[in-house]
Amino acid sequence: MERQSPLFTVFVYAAALLLAAIILAPILWLFVMSISSAADLSAMPLNWWPEEIDLSRYRLLLSTIENSAGAAFTASLFNSLKVAGMATLAAIAVAIPAAWAVSRTSNVSWSLYAVIATYMLPPVALAVPLYMGLAYLGLLNSVFGLALVYLTILAPFTTWLLKSGFDSIPKEIESAAMIDGARLDQILRLITLPLAAPVMATSALFAFLLAWDEFFYALLFTSDLRAKTLTVAISDLAGGRVSDYGLIATAGVLAALPPVLIGLVMQRALISGLTSGGVKG
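The structure presented is a predicted model; accordingly, all values stated were derived computationally and were not measured. (Residues numbered from 1 in each chain as written. Predicted model: local features only at pLDDT ≥ 70, side-chain atom pairs only at ≥ 80, totals over all residues. Heavy atoms only, no water.)

**Student:** Would you mind going over the overall build of the chain in detail, with residue names and values included?
**Tutor:** When helices and strands are tallied, the chain shows 14 helices and zero strands. Each helix and strand of the chain, ordered N terminal to C terminal, gives the series α-α-α-α-α-α-α-α-α-α-α-α-α-α. Seen through its C-alpha atoms, the chain measures out along the principal axes to roughly 75 × 65 × 30 Å. Within the chain, buried positions represent 37% of all 281 residues. When contacts within the chain are restricted to residue pairs at least 6 apart in sequence, those whose partners lie at least 24 apart make up 71%. Accessible surface computed for the chain: about 17,000 Å², of which carbon and sulfur atoms make up 71%. (Helix = DSSP H or I, 4+ residues; strand = E, 2+ residues; numbered from the N terminus. Buried < 20%, exposed > 50% of the residue type's maximum accessible area, 1.4 Å probe, protein only. Contact = heavy atoms within 4.5 Å. Areas by Shrake-Rupley, 256 points an atom, 1.4 Å probe, with all protein chains shown as cover.)

**Student:** Could you give me a rundown of unusual backbone geometry, with the residues and numbers involved?
**Tutor:** Here the amide bond leading from Met44 into Pro45 is cis, since omega sits at 0 degrees, within 30 degrees of zero. Relative to the elements of secondary structure, Pro45 occurs in the loop between helix 2 (38-42) and helix 3 (56-61). Positioned with a positive phi, Asn141 is a non-glycine residue whose angle comes to about 55 degrees. Considering the arrangement of structural elements, one finds Asn141 in the loop between helix 6 (123-137) and helix 7 (143-167). Overall, the relative accessible area of 12% leaves Asn141 in the buried class.

**Student:** Which residues make up the environment of Leu193, and what values go with them?
**Tutor:** In this fold, Leu193 is placed in helix 9 (residues 184-195). A relative accessible area of 22% places Leu193 in the partly exposed class. Note: C-alpha distance between Leu193 and Ile169 (24 residues apart in sequence) is 9.9 Å. Setting aside anything within four residues of it in sequence, one finds Leu193 in contact with Ile96, Phe166, Leu188 and Met200.

**Student:** How would you summarise a nonpolar patch on the surface if you had to cite specific residues and measurements?
**Tutor:** Together, Leu18, Leu19, Ile22, Ile23, Leu24 and Ile27 make up a nonpolar patch on the protein surface, roughly 610 Å² of accessible area in all. With respect to the helices and strands, Leu19 occurs in helix 1 (residues 6-34). (Patch = residues over 30% accessible without salt bridge, like charges linked within 9 Å, V, L, I, M, F, W, Y side chains within 5 Å. Salt bridge = Lys/Arg side-chain N within 4 Å of Asp/Glu carboxyl O.)

**Student:** I'd like a rundown of the environment of Ala71, residues and numbers included.
**Tutor:** Looking at where Ala71 falls in the secondary structure, it is placed in helix 4 (residues 69-104). Here Ala71 falls in the buried class, since its relative accessible area comes to 19%. Considered as a pair, Ala71 and Leu61 are ten residues apart in the sequence and their alpha carbons are 7.4 Å apart. Excluding its chain neighbours within four sequence positions, the residues that come into contact with Ala71 are Ser63 and Ile65.

**Student:** So, the side chain of Thr158: which residues are in play, and what are the values?
**Tutor:** Mapped onto the elements of the fold, Thr158 is located in helix 7. For Thr158, a relative accessible area of 0% corresponds to the buried category. Within the structure, Thr158 has its side chain in polar contact with the backbone oxygen of Ala155 (distance 3.1 Å). If we skip the residues at most four places from it in the chain, Thr158 touches Ala91, Ile92, Ala95, Ser203 and Ala207. (Polar contact = N/O pair within 3.5 Å; in protein donor to acceptor, adjacent residues only side chain to side chain.)

**Student:** Break down the nonpolar core for me, citing the residues and quoting the values.
**Tutor:** Counting residues in each nonpolar core, the largest one holds 36 residues, and the members touching the most others are Leu146, Tyr150 and Leu230. Elements supplying a minimum of two residues to this core: helix 3, helix 4, helix 7, helix 10 (197-213), helix 11 (216-221), helix 12 (230-237) and helix 13 (245-265). Of all the elements, helix 7 adds the most residues to this core, at eight residues. Other than its neighbours up to four places away in sequence, Leu230 contacts Phe73, Ser76, Leu77, Ser80, Trp212 and Ala255. In this structure, Ala99, Trp100, Ile169 and Ala196 belong to the second largest nonpolar core, which totals 13 residues. (Core = buried A, V, L, I, M, F, W, Y, C linked by side-chain atoms within 4.5 Å.)

**Student:** Report on the packing of helix 5 (residues 109-116) against helix 7, specifying residues and quantitative values.
**Tutor:** Describing two packed helices takes the angle between their axes plus the distance from one axis to the other. In the contact formed by helix 5 and helix 7, the axes pass within 9 Å of each other and the chain directions differ by 140 degrees. Here helix 5 lies oblique to helix 7, going by the angle between them. The two elements helix 5 and helix 7 meet at a crossing, and its hand is left-handed. Between helix 5, through Leu112, Val115 and Ile116, and helix 7, the contact on the second element is made entirely by Pro156, Thr159, Trp160 and Lys163. For the contact of helix 5 with helix 7, the residue count by class is five nonpolar, one polar and one charged. (Axes fitted to C-alpha atoms, helices over the stretch in contact; angles between N-to-C directions. Parallel < 35°, antiparallel > 145°, perpendicular 65-115°, else oblique. Left-handed = near helix turned anticlockwise from the far one by under 90°. Nonpolar A, V, L, I, M, F, W, Y, C, P; charged D, E, K, R; others polar.)

**Student:** Give me the lowdown on helix 10, citing residues and values where you can.
**Tutor:** Each full turn of the α-helix corresponds to 3.6 residues, which orients residues three or four apart in the same direction. Between its first and last C-alpha atoms helix 10 spans 24 Å; for 17 residues at 1.5 Å apiece the expected length is 24 Å, and the two agree. Turning to helix 10, its buried residues are Val199, Met200, Ala201, Thr202, Ser203, Ala204, Leu205, Ala207, Phe208, Ala211 and Trp212. (Expected span 1.5 Å × (residues − 1).)

So this is what it looks like as C-alpha cells:
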C-alpha cells in the first residue's frame, strides 16, 4: 500500500478540526448563552464563559406549572414530536411503494421529477389553498392537520431518497424470487426492504428533521397550545418588547436534543444509508 505523506496527514486532521470548529462553535455558544446570566450576556467586553452558571432558565422551561412558560414550552415540544412523528411515518409509508415503482419502471420516472418540481414553488404560494383545505376538513389548529400538510412536503423528498436506495439493489434478486413463486408483497417484505433498511432509516431521519424544523406552516395553521409546535413557541419568546436572549438560547438547546438523540441512535444506519450506492459491484 502507498504510504501517505506526514504533511498530508497533518493537513487532513487540520481540515477536519477546522470543519468541526465551524460546525460546533455556534452550538457551543448557544449552550454558553443558555447558562449565562443577563449581566454576563450584556457585559462589555463580552464574557466568553459565565462567571456564574445559571440554570434557572432550564428549570423555567421544563416546569409543568399550569399557565407557565414551561407548560407552554413542554406542550409545544410534545406537539412537535407528534406532528413530526406522524408526518414521517406517513411519508415513509407513501414513499416505499412510490419509490419502488419508479425505480423498477423507468417509463414513469418523469412523474417523480414532476412532483419534486413542486419544491420550486415558494411556500406562501400554497398557503391559501392549504388553509382553505384544512378549514373545509375542520383540521385547522390540529396536530393531525399539520401532519397532513407536512406529508405533502415530505413524501416527494423521501420518495426521491428511497428511489436511490432501491436503484442500488439488483433487479435480478427480485426476479429470482419471483421465479421461485414469491408474491410481490413477499419480495418487498423479505428481500427488498431489508436490503434498503439503511436508506429507509436515513430518509426517515431527514424527513423527521424537516418536519421538526418547519416554521412557516406551523405559524399559519396553529393558534394555541393544542397544536402549536416548538418552532412557533420559540418565536413567541422573542416576540415581546424585551427579549431574554438567554431564554431563547435555552429553548434552542432543548429543541435540539430530540433530533440529536435520534441521530445518535440511528448513526450506524445513517452512515450506511448515506454511503449506499456509492460503490457498486
